[in-house]
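# Breakdown of the fold
The primary structure of each chain is shown beneath.
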Amino acid sequence: MAFFSNWFKFTSRDMAIDLGTANTVVYVRGHGIVLNEPSVVAVETLNGVKRVKAVGEDAKLMMGKTPDSIEAIRPLRDGVIADIDIAEQMIKWFISKVHGHRRFPRFPEIVICVPSGSTSVERRAIRDAASNAGASQVFLIEEPMAAAIGADMPVTEPIGSMVVDIGGGTTEVAVLSLRGLAYTTSVRVGGDKMDEAIVSYVRRHHNLLIGEATAERIKKEYGIAQKPADGVGATIHIKGRDLVNGVPKEIAINQGQIADALAEPIGTIVEGVRIALENTAPELAADIVDQGIVLTGGGALLKGLDEELRDETGLPVTVAEDPLTCVAIGTGRAMEDPVFRGVLQTA
Ligand SMILES: Nc1ncnc2c1ncn2[C@@H]1O[C@H](COP(=O)(O)OP(=O)(O)OP(=O)(O)O)[C@@H](O)[C@H]1O
Ligand SMILES: [Mg+2]
């Protein structure tokens, strides 16, 4: 039996990868999700030579805290590939973390979900990186399609449905029907812009400088898309550096103020959804009235965002079961289930 279970591991090396601007999630055929780490690489420069020091969780912990010789890089910032060499090293590192350096009877197939804002040159570069890492065949899949499959939406049927994937760098809005994207639009606003909005609100109103990591923590814990009923909500204590006298300091703000800080990025997301609805063919729009809108991506976890979209569109809005892994699960299913083969792209 031991022999067979090892053999099984050896033959199921095929992988689906959600290469996100904030997180990379890896799914292995027959096993499901095996890795979920921040898309961050810490690079050390010694005597002019660059070397990868840490990747993923370990590298994210260094963000904003590195000495001059080390830089924590997010190679896929803003929904595009900002640094392809580092992105390639990151992909290879994650693949070898999943598989180690074992030898295999055959090379694996890899399906990668790419930010839909990426250019054909960038897509080719990602494909080459996966090939260099040992893949025999590389397929790409559009992020909204993967998100919709992962959220169990009826993408293969002649029924229109709308998915809104709010990631770190971008928000993708898409209408799907019959294995295809009937309409898609993407706005360069996601979780990162929400973090930046909190940083600049605190700087403007309290003369306090805080880091991105702190802003992200505040957003996840207290962030809210609509003002609390009493306009104030919970009180939050934030530490940072005073801009006037330069020393560390702590201030208090409330959830109502966080809602004010987030109003602009959220408004942009709502606007993207509105534009998509306006551009949807009438028959598909009629389906969306029944099916509603499904939210995926980490940004879907922001408190009250579903409510805000419901108020603004008058449509039913639901959050997918596990928004952070939805895209990876959909990419994995597209790889495993022949029903979805048609949605995979070779270039
Ligand atoms: N509870 C939460 N509330 C609000 N935002 C959250 C929460 N949990 C995670 N996020 C945010 O979700 C974002 C990451 O989401 P996700 O992993 O879907 O992005 P990604 O797929 O890497 O990015 P992209 O799709 O743009 O390439 C981050 O900005 C993170 O701060
Ligand atoms: Mg994503």
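Bear in mind that the values here come from a model prediction, so they are computed numbers and not experimental data.

Next up on the list: the site of ligand 1. In the neighbourhood of ligand 1, 21 residues make up the surrounding shell, with Thr21, Ala22, Asn23, Glu216 and Lys219 lying closest. Here Asn23 contributes a backbone N or O atom positioned 2.7 Å from an oxygen atom of ligand 1. Within the backbone of Gly299, a nitrogen or oxygen atom sits 3.4 Å from an oxygen atom of ligand 1. Burial of ligand 1 by the surrounding chains reaches 93%, relative to a free accessible area of 660 Å². Taking a 2 Å distance to the grid points as the criterion, the majority of the atoms of ligand 1 fall inside the largest pocket. For the shell around ligand 1, the secondary structure elements donating two or more residues are helix 6 (191-206) and helix 7 (212-222).

Right, let's get into unusual backbone geometry. One non-glycine residue, Asn47, adopts positive backbone phi at about 50°. Residue Asn47 is classed as exposed on the basis of its relative accessible area of 82%.

Further remarks concern the domain arrangement of the chain. Interfaces are often sized by the accessible area lost when the parts come together. When the domains of the chain are assigned, the result is domain 1 (2-39 + 74-145 + 327-343), domain 2 (160-189 + 266-321) and domain 3 (191-262). Approximately 1,100 Å² of surface area, both sides summed, lies buried where domain 1 meets domain 2, with 59% of it carried by carbon and sulfur atoms. Of all residues in domain 1, the largest losses of buried area upon contact with domain 2 belong to Asp78, Pro144 and Met145, amounting jointly to 41% of the total for that side. The tally of links between domain 1 and domain 2 comes to 0 salt bridges. At the boundary of domain 1 and domain 2, one finds 2 residue pairs in polar contact (both at pLDDT 80 or more). Taken together, the residues of the side of domain 1 that touches domain 2 break down into 8 nonpolar, 4 polar and 3 charged.

What follows covers the layout of surface pockets. When its volume is computed, the largest pocket comes out at roughly 1,300 Å³. For the lining of the largest pocket, the secondary structure elements donating two or more residues are strand 1 (15-19), strand 2 (23-28), strand 3 (32-38), helix 2 (57-62), strand 9 (161-166), helix 6, helix 7 and helix 11 (326-336). If you tally residues by element for the lining of the largest pocket, the top one is helix 7, at 7 residues.

The rules behind each value
- Residues numbered from 1 in each chain as written.
- Chains lettered and ligands numbered in written order.
- Predicted model: local features only at pLDDT ≥ 70, side-chain atom pairs only at ≥ 80, totals over all residues.
- Heavy atoms only, no water.
- Near = heavy atom within 4 Å.
- Polar contact = N/O pair within 3.5 Å; in protein donor to acceptor, adjacent residues only side chain to side chain.
- Areas by Shrake-Rupley, 256 points an atom, 1.4 Å probe, with all protein chains shown as cover.
- 1 Å grid on protein atoms, 1.4 Å probe; cavity = no way out; pocket = protein on both sides within 12 Å on 5 of 7 lines; lining within 4 Å.
- Sits in = over half its atoms within 2 Å of the grid points.
- Helix = DSSP H or I, 4+ residues; strand = E, 2+ residues; numbered from the N terminus.
- Buried < 20%, exposed > 50% of the residue type's maximum accessible area, 1.4 Å probe, protein only.
- Domains from an automatic or database assignment.
- Buried area = accessible area lost by both parts, 1.4 Å probe.
- Salt bridge = Lys/Arg side-chain N within 4 Å of Asp/Glu carboxyl O.
- Nonpolar A, V, L, I, M, F, W, Y, C, P; charged D, E, K, R; others polar.
- Points joined across faces, edges and corners; volume = space filled by probe spheres on them.

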